Amino acid sequence: MNDRRRISAEAVVIGGGIVGCASAYYLARRGVQVALLEKATIGGEASGRNGGGVRQQCRDRRERPFAIASVKLWEGLQAELGFDIEYVQGGNIRMAANDARMESLRREGAEELEDGLQVELWDRDELRRRAPYLGDVFIGAKYCATDGTANPILTTKAFGWAAQRLGATILTRTEAVSIGVEGARVASVTGRDQDGEIVVEAPWVINAAGPWSAALSRAIGVEIPVEPARSVIAITQRCAPLFREFISSHDLGVYARQAREGQVHVGGTNVPPHTFDQRAPADVLEHLARGAAQMIPALRGANFLRSWAGTLEMTPDKVPILGYVDRVKGYILATGFSGHGFCLGPIAGKLVSELVVDGAPSLSLHEVRFSRFG
Amino acid sequence: MTEQVEIAVVGAGPGGLCAALAAAQAGAQVALIDNNRHPGGQYYRQTAREFRGAPSSHQREGAALLQQAIAAGVRIIAETNVWGAFDDKVLALNDGAATTYLQARAIILATGAYDRPVAFPGWTLPGVMTAGAVQTLIKEQRILAGKRFLLAGTGPLQLVLAAELARAGAQVVAVLEGSRVFPRVLQHAGALWNQWERLSEGLSSWLTLARHRIPYRVGWGIVAAEGAAQVEQATIARLDGNWRPIRGSEEKIACDTIALGYGFVPFNTLSRLLGARQEWRPELGGEVPARDAQMQTSAPGVYAVGDCAGIGGAALARVEGQIAGSAAAAQVGHGTADAIPARASALARERRFQRMYAALFTPGVGLYELSQDDTILCRCEEITQAEVRHALALGADTTNEVKLITRGGMGDCQGRMCAHLIAHFIARETGRSVAQVGMLPPRPPIFPIPITALGVTR
């Protein structure tokens, strides 16, 4: 076997999740010769295992402009990627089960309107009228009509395929094991596949390895403050069409969406930190079942068919890290999405391409800069 | 709520019953969980108690074994699924109304096998069934699934089923045996020594076939099922040594029910969930847990016996069950695992028979080449071979990747029907082995369970 192959590129992306694939896609679209290294398969981790929500409302104010800009991209994505990614702008309902929650939704809604995001506040009667399938524990909700859902696996893969069609080199089952630095600038990424090592030389390195981004970066002295966390989703057998919104309740600790084929995906809003374990524990499945039955009483007649878990990467303030690293030229971080990467993936990828090609992004990255963690 | 037990046995067929009995006789506290109304599994399947009539010898044997187990103190948990397995040997049980948890110090898996799925044009037509389903309807519910049966498959169980059908008054238009069994069985004659019960059962079935003038066609197989709303006829053909239909040999045969008995696939999902290392062993039916001489898997304290660890039939399951029951009891502090030396010769005899059975009746690759591009491979999600082919063109090269792109394997059967079909198709298209292409990872609940049963804890 050839145990040390070399290829060269203009940019190398680490990680075949949605952020990495979108980065490769937008870079390739700008004419950059890009290579992507993925340890297993495209969309095989959190990007393909998440709830499929594409949401702008209920974001941290620092993150909100990115979500709004990303949805603008999402609206054209299906046509652009040339693949049915099941994107639907069916709206997003965040419910309140008590006055305190309703009050905080009200405050948040005012801020969102100020920031240019159209949302509606629903009282109990409006909620009954607009979402009669919801349980009677809720006293009101906030609704964003332009939010929606998509198929996480297919979207991520579609980005990868589209990047490939534009000439990107996608190396799957190739784990990035080290980042090469020469002087003050990145020079390469070394990957390992079944045939041995492969060195991709490039003046730009984009670390989009999510939960695995920290370990790689540590070796070149850049400590990324991300912690792994487990997110579990259970899915029902096919049900008759019940709802098209993405719905969530932090009071019950669950969210749900109904996929096009009728299965209802139910996930938890709390994610236990400090674990790479991707097995779904029994108590979490029970929590999801109880929450689902309370949130959507019609599901009391349904069965859970399957569950899975994915690993998120959480930053201390649950806002992503996107941008240059001051000390290491050519090194771009696109990580720490804290469970919001699916919605933000397209805009993150586009901004990465602007950092490489234009040297200046079309949206300020000040609030998501790496150096905020000092 | 989590209950504690020393030994949990999953599956009350011959292997599970013998394991539970051996462990209880050694002094261990044993719970035996089974998802049927009556313990016994497929081999000892009992007629529903609402029916009167004399039980068969198998049914009498199964009932006696169950009584022995109960007398030895085994706690029987019937009509209960084990839908998950978690850290520290916790099994999740569901009886349709509520979930309970059972934590064991040792677990013996005896979950058996299911009929090997085969895809060919028309296989999803009403009237195409597995031999196991046809047999279950007769044994348990005394229902004939049709009037004119064609049996296609391999192995002596087909003779048994044909005889049962004939005795029940059905017409059996033919029994197709895919393996060219007759010259080759002589090479294995030694393995038949001391298998008098099996030989006499085979002979008796054979005589029933002769009496009813049922054609037994060796070296023949199913190629297609045809009919408007349900099966009306089958296309059958002579097979070559690799079980590929020989062009020009096709015949049409009228029937309303096709029973497919192409052997079994081990139901290994629980051993996978418990972290037991698996091996790809086509001669044992597919993916099976690796085991030591005590039937222990690579997961400490997790044992696997019978068909779920490699297709070998009831007699082998009984011996393996006795060994595992005794070993597990010794592991938790009861007895000295004396069944292992005591059962050594019986084990060797049954393993010889298992090898002969595998050599004679393991289907050839042609069985997996009957499907066409418009044939459905995943029937829950209605995914055709062409859609799987498209996923391969997009770069997928494993069963799991095809699942993610096409939904094939995401449906209600949890991949039990389609994963093998899709894996064999990928292997054939990509030139990789089925082992490389892989099976689907287990995703609990391994059986669909009511949301209300999961959310409610008794």
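Residues numbered from 1 in each chain as written. Chains lettered and ligands numbered in written order. Predicted model: local features only at pLDDT ≥ 70, side-chain atom pairs only at ≥ 80, totals over all residues. Heavy atoms only, no water.

A. Region of interest: the overall build of chain A. The helix and strand inventory of chain A stands at nine helices and 20 strands. Against the globule reference of 21 Å for 374 residues, chain A gives a C-alpha radius of gyration of 21 Å, in line with a compact fold. Projected onto the principal axes, the alpha-carbon positions of chain A cover approximately 65 × 45 × 40 Å. Out of the 374 residues in chain A, the part that is buried amounts to 63%. In chain A, 43 side chains carry a positive charge and 43 a negative one; their mean positions are 2 Å apart. (Helix = DSSP H or I, 4+ residues; strand = E, 2+ residues; numbered from the N terminus. Rg over C-alpha atoms; globule rule 2.2 N^0.38 Å. Buried < 20%, exposed > 50% of the residue type's maximum accessible area, 1.4 Å probe, protein only. Lys, Arg positive; Asp, Glu negative; His and termini not counted. Charge placed at Lys NZ, Arg CZ, Asp CG, Glu CD.)

B. Structural context of the overall build of chain B. When helices and strands are counted, chain B shows 15 helices and 22 strands. Taking 458 residues into account, the globule formula puts the C-alpha radius of gyration at 23 Å, and chain B, at 22 Å, falls close to it. Considering chain B as a whole, with its 458 residues, one finds that 58% of them fall into the buried category. For chain B, the proportion of contacts with a sequence separation of at least 24, taken over those separated by at least 6, is 66%. Just so you have it, chain B exposes about 17,800 Å², and 53% of that area is on carbon and sulfur atoms. Between the mean site of the 43 positive side-chain charges and the mean site of the 39 negative ones, chain B shows a separation of 5 Å. (Contact = heavy atoms within 4.5 Å. Areas by Shrake-Rupley, 256 points an atom, 1.4 Å probe, with all protein chains shown as cover.)

C. Structural view of the sheet that holds strand 14 (residues 251-254) of chain B. All names here are of chain B. Taken in spatial order, the three strands make up an open sheet running 12-13-14, and their pairing is antiparallel. This sheet does not close on itself; its edge strands, each paired only once, are strand 12 (220-226) and strand 14. Going across the sheet, the axis of each strand differs from the next one's by a mean of 35 degrees, ignoring polarity. In terms of strand pairing, strand 13 (residues 233-238) meets strand 14 through four bridges, oriented antiparallel. Note that in strand 14 the partner of Ala234 across the bridge is Ile253. (Pairing = 2+ DSSP bridges. Axes fitted to C-alpha atoms, helices over the stretch in contact; angles between N-to-C directions.)

D. Highlighting the packing of helix 1 (residues 14-25) of chain B against helix 2 (residues 57-71) of chain B. All names here are of chain B. Contact geometry of helix 1 with helix 2 gives a least axis separation of 9 Å together with a crossing angle of 30 degrees. Here helix 1 is positioned roughly parallel relative to helix 2, judged by the angle of their axes. Note on packing geometry: the crossing formed by helix 1 with helix 2 is left-handed. Contacts from Leu17, Cys18, Leu21 and Gln25 in helix 1 reach Gly62, Leu65, Leu66, Gln68 and Ala69 in helix 2. Partitioning the contact of helix 1 with helix 2 into residue classes produces six nonpolar, three polar and no charged. (Parallel < 35°, antiparallel > 145°, perpendicular 65-115°, else oblique. Left-handed = near helix turned anticlockwise from the far one by under 90°. Nonpolar A, V, L, I, M, F, W, Y, C, P; charged D, E, K, R; others polar.)

E. The domain arrangement of chain A, seen in detail. Split by domain assignment, chain A resolves into domain 1 (4-49 + 153-226 + 317-373), domain 2 (92-145) and domain 3 (227-314). For domain 1 of chain A and domain 2 of chain A, the distance between their C-alpha centres works out to 36 Å. (Domains from an automatic or database assignment.)

F. Geometry of the packing of helix 6 (residues 152-165) of chain A against helix 12 (residues 399-406) of chain B. It is at 9 Å that the axes of helix 6 of chain A and helix 12 of chain B come closest, and there the two elements cross at 105 degrees. As the angle between them shows, helix 6 of chain A and helix 12 of chain B are arranged roughly perpendicular. Residues Ile153, Leu154, Lys157 and Trp161 of chain A of helix 6 of chain A form the contact with helix 12 of chain B, whose own contacting residues are Glu401, Leu404 and Ile405 of chain B. Its residues assigned to classes, the contact of helix 6 of chain A with helix 12 of chain B shows five nonpolar, no polar and two charged.

G. Structural context of the environment of Ala276 of chain B. All names here are of chain B. On the secondary structure map, Ala276 appears in the loop between helix 7 (269-273) and strand 17 (278-281). The exposure class of Ala276 is buried, given its relative accessible area of 6%. Residues Ala276 and Pro266, 10 residues apart in the sequence, show an inter-C-alpha distance of 14 Å. Excluding anything up to four places from it in sequence, Ala276 contacts Ser271, Pro289, Thr297, Ser298 and Ala299.

H. Representation of the domain arrangement of chain B. Residues and elements named next belong to chain B. Here the domain parsing of chain B yields domain 1 (2-114 + 265-337), domain 2 (117-262) and domain 3 (371-437). The C-alpha-based centres of domain 1 and domain 3 are spaced at 31 Å. Summed over both partners, the interface of domain 1 with domain 3 comes to about 480 Å²; 77% of that surface belongs to carbon and sulfur atoms. On inspection of domain 1 and its partner domain 3, the count reaches one residue pair in polar contact (both at pLDDT 80 or more). (Buried area = accessible area lost by both parts, 1.4 Å probe. Polar contact = N/O pair within 3.5 Å; in protein donor to acceptor, adjacent residues only side chain to side chain.)

I. Summary view of the pairing of strand 13 of chain B. Residues and elements named next belong to chain B. Two elements, strand 12 and strand 13, share six bridges in a ladder whose sense is antiparallel. Within strand 13, the position partnered with Trp220 by the bridge is Arg238. A loop of six residues connects strand 12 with strand 13, the two strands running antiparallel in sequence.

J. Fine view of the interface of chain A and chain B. Each partner contributes to the interface: chain A provides 31 residues, whereas chain B provides 30 residues. It is Glu286, Leu305 and Arg306 of chain A that lose the most area in chain A upon contact with chain B, and together they represent 21% of the buried surface on that side. Linking chain A to chain B there are 13 residue pairs in polar contact (both at pLDDT 80 or more). At the level of secondary structure, the elements contributing two or more residues to the side of chain A that touches chain B comprise helix 6, helix 8 (282-295) and strand 18 (303-314) of chain A.

K. Looking closely at helix 3 (residues 131-141) of chain B. All names here are of chain B. Where helix 3 is concerned, the buried positions are Ala131, Gly132, Val134, Gln135, Ile138, Lys139 and Glu140. Here the buried face of helix 3 lies against helix 2, strand 7 (113-115), strand 8 (128-130), strand 9 (148-153), helix 4 (157-167) and strand 15 (257-261). Trailing helix 3 by a residue or two, Arg142 shows a phi angle of about 55 degrees, which is positive.

L. Inspection of the packing of aromatic side chains at higher detail. Residue and element names in this part refer to chain A. Considering all chains together, one arrives at 19 aromatic pairs over all chains under this definition. Seen from their ring centres, Tyr26 and Phe159 are 6.1 Å apart, and the 55 degrees between their planes marks the pair as tilted. Taken as a pair, Tyr26 in helix 1 (residues 18-29) and Phe159 in helix 6 lie far apart in primary sequence, 133 residues in all. Both residues of the pair, Tyr26 and Phe159, belong to the buried class. With centroids separated by 5.5 Å and ring planes inclined at 40 degrees, the aromatic side chains of Trp212 and Phe276 adopt a geometry described as tilted. Taken together, the positions of Trp212 in the loop between strand 13 (205-207) and helix 7 (213-218) and Phe276 in the loop between strand 17 (264-268) and helix 8 put the pair 64 residues apart, joining distant regions of the chain. (Phe/Tyr/Trp six-rings, centres within 6.5 Å; stacked < 30°, edge-to-face > 60°.)

M. Representation of the side chain of Ser307 of chain A within the structure. Structurally, Ser307 of chain A is set in strand 18. A distance of 2.5 Å separates the side chain of Ser307 of chain A from the backbone oxygen of Pro444 of chain B, its partner in a polar contact. Setting aside anything within four residues of it in sequence, one finds Ser307 of chain A in contact with Ile233, Ala234, Ala280 and Leu285 of chain A together with Arg443, Pro444 and Pro445 of chain B.

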